[in-house]
Amino acid sequence: KEIFRPHNFKILYFGNWFYGKGVDILIKSSKYLDKSIKIIIVGNSNTLNFSYKLDKKNKNIKIINRYVSNIEMYKIFKSVDAVVLPYRKTYMYLSSGVLVNSIQSFKPAIVPNFYPFNEIIDKYKVGVKFNPDNHKSLAKGIMSLKKLVQKKYFKEKYFNDYLEDMNYPDNMVAKLKL
């Protein structure tokens with residue numbers, strides 16, 4: 001079901017409410033976004049592992065506060081325009097299934113400018129970067145991402161290149177002549 005109007009630019013935060021994942025940074029950034037940008041947060045807030053009080057009056061944020069099935073997850077990913085990973089520096093050198101899900105859904109992502117996320121964005125051109133731990137940089141990045149999506153910058157080929165490389169060991173084994 002459509003959460004916001006079709007003409008809105010919808011970005012998705014998906015996952016746990018852990019400190020390192022920066023959901024609070026995303027929420028704080030929302031006051032710097034234009035009103036056509038809507039944020040959908042999907043995840044169980046019971047996983048919150050730091051002190052944070054959510055302002056439930058923000059009309060530009062929709063929270064789906066529960067576990068969702070894999071089918072629901074992919075429907076949600078398909079229904080948004082982009083995915084946001086507002087991760088803090090404490091997430092450096094870690095991986096993200098959410099980024100993979102974003103790319104599998106052919107949705108660009110905004111990621112923190114640190115390894116490994118920045119290298120994926122630089123190599124495959126599947127999103128934009130922001131300065132981690134900085135809600136104003138995140139807001140600017142989201143607005144930049146919106147403009148690039150509207151200009152149809154993100155080509156299907158960019159996502160396919162990543163997916164092909166991600167499956168490289170399988171492809172390599174298939175090509176071996178034994």
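A brief report on the enclosed structure follows.

Conventions used here
Residues numbered from 1 in each chain as written. Predicted model: local features only at pLDDT ≥ 70, side-chain atom pairs only at ≥ 80, totals over all residues. Heavy atoms only, no water. Core = buried A, V, L, I, M, F, W, Y, C linked by side-chain atoms within 4.5 Å. Buried < 20%, exposed > 50% of the residue type's maximum accessible area, 1.4 Å probe, protein only. Contact = heavy atoms within 4.5 Å. Phe/Tyr/Trp six-rings, centres within 6.5 Å; stacked < 30°, edge-to-face > 60°. Lys NZ or Arg CZ within 6 Å of the ring centre and 35° of its normal. Helix = DSSP H or I, 4+ residues; strand = E, 2+ residues; numbered from the N terminus. Expected span 1.5 Å × (residues − 1). Polar contact = N/O pair within 3.5 Å; in protein donor to acceptor, adjacent residues only side chain to side chain. Patch = residues over 30% accessible without salt bridge, like charges linked within 9 Å, V, L, I, M, F, W, Y side chains within 5 Å. Areas by Shrake-Rupley, 256 points an atom, 1.4 Å probe, with all protein chains shown as cover. Salt bridge = Lys/Arg side-chain N within 4 Å of Asp/Glu carboxyl O. Lys, Arg positive; Asp, Glu negative; His and termini not counted. Charge placed at Lys NZ, Arg CZ, Asp CG, Glu CD.

### Focus: the nonpolar core
- Within the largest apolar cluster, 51 residues are counted, with the highest numbers of intra-cluster contacts made by Leu12, Leu26, Ile41 and Leu85.
- Each residue touching leucine 12, except ones within four places of it in the same chain, is listed here: Ile40, Val42, Ile76, Phe77, Val80, Ala82, Val83 and Val84.

### Let's talk about the packing of aromatic side chains
- The tally for this structure, following the rule as stated, stands at 10 aromatic pairs.
- Look at tyrosine 87 and tyrosine 91: their rings are 4.2 Å apart centre to centre, the planes differ by 45 degrees, and that puts the pair in the tilted class.
- Taken together through their ring pairs, the aromatic side chains of Tyr87, Tyr91, Phe114 and Phe117 make up a single cluster.
- Positioned above the aromatic ring of tyrosine 19 is the side chain of arginine 88, whose terminal nitrogen or guanidinium carbon lies 3.8 Å from the ring centre.

### Concerning helix α5 (residues 135-150)
- The first and last C-alpha atoms of α5 sit 23 Å apart over 16 residues, in line with the 22 Å expected at 1.5 Å per residue.
- For α5, every residue scored as buried is listed here: His135, Ser137, Leu138, Ala139, Gly141, Ile142, Leu145 and Lys146.
- Contacts from the buried residues of α5 go to β1 (9-14), α1 (23-29), β2 (37-42), β4 (82-84), β5 (109-112) and β6 (127-130).
- Capping of α5 at its N-terminal end is provided by asparagine 134; its side-chain oxygen lies 3.0 Å from the backbone amide nitrogen of lysine 136.
- Note on α5: the residue one or two positions beyond its end, lysine 152, has a positive phi of about 60 degrees.

### Topic: a positive patch on the surface
- On the surface, a cluster of positive charge is made up of Lys28, Lys31, Lys136 and Lys140.
- The topology assignment puts lysine 140 in helix α5.

### What to know about unusual backbone geometry
- The omega torsion of the bond from tyrosine 115 to proline 116 falls at 5 degrees, within 30 degrees of zero and hence cis.
- With respect to the helices and strands, the residue proline 116 is situated in the loop between β5 and α4 (117-124).
- In the Ramachandran plot, tyrosine 93 falls in the positive-phi region, its phi being about 75 degrees despite a non-glycine side chain.
- Along the polypeptide, tyrosine 93 turns up in the loop between β4 and α3 (97-104).
- Residues other than glycine seldom take positive phi values, yet lysine 152 does so here, at roughly 60 degrees.

### Thoughts on the pattern of salt bridges
- Taken as a whole and assessed by the stated rule, the structure comprises 7 salt bridges.
- Taking the shortest distance from any N to any O, the salt bridge between arginine 88 and aspartate 24 comes out at 2.7 Å. Taken as a pair, arginine 88 in the loop between β4 and α3 and aspartate 24 in helix α1 lie far apart in primary sequence, 64 residues in all. With respect to class, arginine 88 is no different from aspartate 24; both count as buried.
- Arginine 66 serves as the salt-bridge partner of glutamate 72, at 2.8 Å between the closest nitrogen and oxygen.
- What makes glutamate 72 partly exposed here is its relative accessible area of 28%.
- Several salt bridges share partner residues, and in doing so they unite Asp24, Arg88 and Asp133 into one network.

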